[in-house]
Amino acid sequence: MHILVIGGAGYIGSHVVKALLGHKMKVTVFDNLSTGTELNLFKEADFIKGDILNYDEILTAMKQNVDGIVLLAGKKAVGESMENPMKYALNNINGVINVLNAATEAGVKKVIFSSSASVYGTPQYYPLDEKHPENPMSFYGFTKLETERFLKWYDQLKGVKFVSLRYFNAVGYDEAGDVRGLEKNPQNLLPIVMEAAVGIRDKVNIFGNDYDTKDGTCIRDYIHVTDLATAHAQALEYLERGGQSQILNLGTSQGSSVLEMILKTEEVIGRKVPYEFAPRRAGDPAIVTAKADKAREVLGWKAEHSSLDNIIRSTWNLYKDLK
Ligand code: UDP
C-alpha cells in the first residue's frame, strides 16, 4: 500500500511514518513544515512540501498512485483555538475539506483521521467509551467532531472508508531515537516538565490542586506516541481487508495525575523538577481516561509502550542534552 501521510513531519506524524514503514508500506509525507521539521523526515519515505490549503498541491500529491491517507495536519492547541477560532476553522475545516475533496477526486477511499478525546467535552463518566455523548468544550474539539461528521457523509455518499482515531494524551518519543524534532513552544504537560528539568523554564505551574482526585491534581490518560502510531498501521490494514468505517478511542484506561507525572519524572531522570501550584486552567475536567476495548476488538491494538517509565525515559533522551 502507498500511503500519503499528511502532516508526516510533525510530532505524531513522524512516529506514524516509522510505524507504516515498519509495516512494509510505501510512504509519502506531505507537510508544509509550519510546525513539523525536516529533522523528522525518514530517508525511506518520499517528501512533498505542500499545503492542504492549496487544493492543487494536495490533489497533485493524491494522484501519485496513493492507496490511502493518514490525515494529521492540523492545529492542535486547545487554548489558542478559543482565542483564534478563525485559524482553526481555516486549517482544521477548510484544509480538511480540501483533503477529502482531493481524495475523492483522485479515487482514494481509505482515510485514517487524527481525532481527539476533546470531542467528548467534560466526562459524564469515565473511562470514556465511544458511546459517551459528544459535547466539545473547545473550538479545537469542535473541528475534530465536525471532520468526523464530514467523513460519515463522504462514506455514505462517496464510499470513503475511514478510521477516526481519538487520541487521549499523546506523549513520549521513539525509543530508538529516530525522531529528533522537538516541538517549538510546547503547550502540553510533559514537554513543559522536561523544559523545567533542564532549566529552559524556571518551573512547572500545576494548574489546580483542589480537584476531587487522590492528590488534588488533574488525572489524564497518557499514551505513548509509538502505540498511537501502531494503531494507524493496523487501521490501514483493517480497511485494506474491507473493514467498515470506525471511530476508536486510543488510550490506556490508566490515569496519572499531574503531580505523579512530575514526581515520576524526578525519579526516572534523577533531577529535581521545580514546580508550583497555580490556579486551575479554564475548561480542564478533573479526570479523563479512555476505554479502548473497541480498538482492541476491531484492530487487535494494545498499548505496549505506555508505561510512565518508558514515556518519561524516551522523552528525556531528547531533552537531556538541551542545556
Ligand atoms: N498541566 C499543568 N501545567 C502545565 C500544562 C498542563 O498542570 O503547564 C495539566 C493540565 O491542566 C492537565 C494536564 O496537565 O490537567 C495535561 O494537560 P495537557 O495540556 O498536556 O493536555 P490536555 O489534557 O489538556 O489535552
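Anyway, here's the lowdown on the structure attached to this text. (Residues numbered from 1 in each chain as written. Predicted model: local features only at pLDDT ≥ 70, side-chain atom pairs only at ≥ 80, totals over all residues. Heavy atoms only, no water.)

### Structural notes on a nonpolar patch on the surface
Thinking step 1. Together, Leu263, Tyr275 and Phe277 line one region of the surface with nonpolar side chains, adding up to about 270 Å² of accessible area.
Thinking step 2. Within the secondary structure layout, Phe277 lies in strand β13 (residues 275-278).
Thinking step 3. Residue class for Phe277 comes out partly exposed when judged on its relative accessible area of 39%. (Patch = residues over 30% accessible without salt bridge, like charges linked within 9 Å, V, L, I, M, F, W, Y side chains within 5 Å. Areas by Shrake-Rupley, 256 points an atom, 1.4 Å probe, with all protein chains shown as cover. Salt bridge = Lys/Arg side-chain N within 4 Å of Asp/Glu carboxyl O. Helix = DSSP H or I, 4+ residues; strand = E, 2+ residues; numbered from the N terminus. Buried < 20%, exposed > 50% of the residue type's maximum accessible area, 1.4 Å probe, protein only.)

### Quick look at the packing of aromatic side chains
Thinking step 1. Inspection of every chain in the model, using the stated rule, returns three aromatic pairs.
Thinking step 2. Taking the centre distance of 5.1 Å and the plane angle of 50 degrees together, the rings of Tyr11 and Tyr173 count as tilted. You can see Tyr11 sitting in helix α1 (residues 11-22) and its partner Tyr173 sitting in the loop between β7 (169-171) and α6 (189-198), a full 162 residues away along the chain.
Thinking step 3. By relative accessible area, Tyr11 is classed as buried at 11%.
Thinking step 4. With a relative accessible area of 4%, Tyr173 lands in the buried category.
Thinking step 5. For the pair Phe139 and Phe142, a centre-to-centre distance of 5.2 Å together with 45 degrees between the ring planes defines the contact as tilted. A residue pair is termed a helical-turn pair when its members lie 3 or 4 positions apart in one helix, as Phe139 and Phe142 do in helix α5 (residues 139-158) at three residues.
Thinking step 6. Note on Phe142: relative accessible area 34%, which makes it partly exposed.
Thinking step 7. Lying across the ring of Tyr211, Arg280 places its NZ or CZ 3.9 Å from the centre. (Phe/Tyr/Trp six-rings, centres within 6.5 Å; stacked < 30°, edge-to-face > 60°. Lys NZ or Arg CZ within 6 Å of the ring centre and 35° of its normal.)

### Looking at the sheet that holds strand β5 (residues 110-116)
Thinking step 1. With respect to topology, seven strands assemble into an open sheet ordered β3-β2-β1-β4-β5-β6-β11, the strand pairing being parallel. Across the chains shown, the open sheet's two edge strands, defined by having one partner strand only, are β3 (46-49) and β11 (246-250). The mean angle between the axes of side-by-side strands here comes to 20 degrees, regardless of whether they run parallel or antiparallel.
Thinking step 2. Where strand β6 (residues 161-167) lies against β11, five bridges are found, and the strand directions are parallel. (Pairing = 2+ DSSP bridges. Axes fitted to C-alpha atoms, helices over the stretch in contact; angles between N-to-C directions.)

### With respect to helix α4 (residues 85-106)
At 3.6 residues per turn, the α-helix brings residues three or four places apart onto the same side.
Thinking step 1. Under the 1.5 Å per step criterion, the end-to-end length of α4 is 30 Å for 22 residues, consistent within 8% with the ideal 32 Å.
Thinking step 2. For α4, every residue scored as buried is listed here: Tyr88, Asn91, Asn92, Ile93, Gly95, Val96, Asn98, Val99, Leu100, Ala102 and Ala103.
Thinking step 3. Positive phi appears at Gly107, one or two residues downstream of α4, with a value of about 80 degrees. (Expected span 1.5 Å × (residues − 1).)

### Some points on the nonpolar core
Thinking step 1. Counting residues in hydrophobic clusters, the biggest one holds 63 residues, and the most contacted among them are Val5, Leu20 and Val70.
Thinking step 2. Counting residues per element, this core draws most heavily on helix α7 (residues 225-240), at nine residues.
Thinking step 3. The residues contacting Val70, other than those within four sequence positions of it, are Ile3, Leu4, Val5, Ile6, Val16, Leu20, Ile112, His232 and Leu236.
Thinking step 4. Core analysis: the second largest hydrophobic core is formed by 24 residues, Val111, Leu151, Tyr154 and Val160 among them. (Core = buried A, V, L, I, M, F, W, Y, C linked by side-chain atoms within 4.5 Å. Contact = heavy atoms within 4.5 Å.)

### A few points about the site of the ligand
Thinking step 1. Neighbouring the ligand are 14 residues; Leu189, Asn205, Arg220, Arg281 and Asp284 lie closest to it.
Thinking step 2. Between the ligand and Asn188 there is a distance of 3.1 Å, counted from an oxygen atom to a side-chain nitrogen or oxygen.
Thinking step 3. Between the ligand and the protein, one listed contact pairs an oxygen atom with a backbone N or O atom of Leu189 at 2.8 Å.
Thinking step 4. Relative to its unbound accessible area of 510 Å², the ligand is 87% covered by the protein chains.
Thinking step 5. Of all elements in the fold, only α6 and β8 (204-207) reach the threshold of two or more residues within the shell around the ligand.
Thinking step 6. By residue number, the principal contributor to the shell around the ligand is β8, which donates three residues. (Near = heavy atom within 4 Å. Polar contact = N/O pair within 3.5 Å; in protein donor to acceptor, adjacent residues only side chain to side chain.)

### Regarding the packing of α4 against α5
Thinking step 1. At a minimum axis distance of 10 Å, the contact between α4 and α5 shows a crossing angle of 20 degrees. Accordingly, the angle class assigned to the pair α4 and α5 is roughly parallel. Both α4 and α5 take part in a crossing whose hand is right-handed. In this structure, α4 contributes Pro85, Tyr88, Ala89, Asn92, Ile93, Val96, Ile97, Leu100, Asn101 and Thr104 to the contact, and α5 contributes Phe139, Tyr140, Thr143, Glu146, Thr147, Phe150, Leu151, Tyr154 and Lys158. (Parallel < 35°, antiparallel > 145°, perpendicular 65-115°, else oblique. Left-handed = near helix turned anticlockwise from the far one by under 90°.)

### Things to note about the environment of His15
Thinking step 1. If you trace the backbone, His15 turns up in helix α1.
Thinking step 2. Among all residues touching His15, those that are not within four sequence positions of it are Tyr173, Asp174, Val179, Val225, Thr226 and Ala229.
Thinking step 3. Of the polar contacts made by the side chain of His15, one reaches the backbone nitrogen of Asp174; its length is 2.8 Å.

### A few points about the pairing of β6
Thinking step 1. With six of seven residues buried, β6 lies mostly within the body of the structure.
Thinking step 2. Here β5 pairs with β6 via seven bridges, running parallel. Bridge pairing links Phe113 to Ser164 in β6.
Thinking step 3. On the question of chirality, the crossover connecting β5 to the parallel β6 by way of α5 is right-handed. (Right-handed = clockwise from strand over helix to strand, strands pointing away.)

### Topic: the pairing of β8
Thinking step 1. Because side chains alternate across β8, one face comprises the buried residues Val204 and Ile206, and the other comprises Asn205 and Phe207, none of which is buried.
Thinking step 2. Pairing geometry for β8 and β13, over four bridges, is parallel. Among the inter-strand pairings, Ile206 is bridged to a residue of β13, identified as Phe277.

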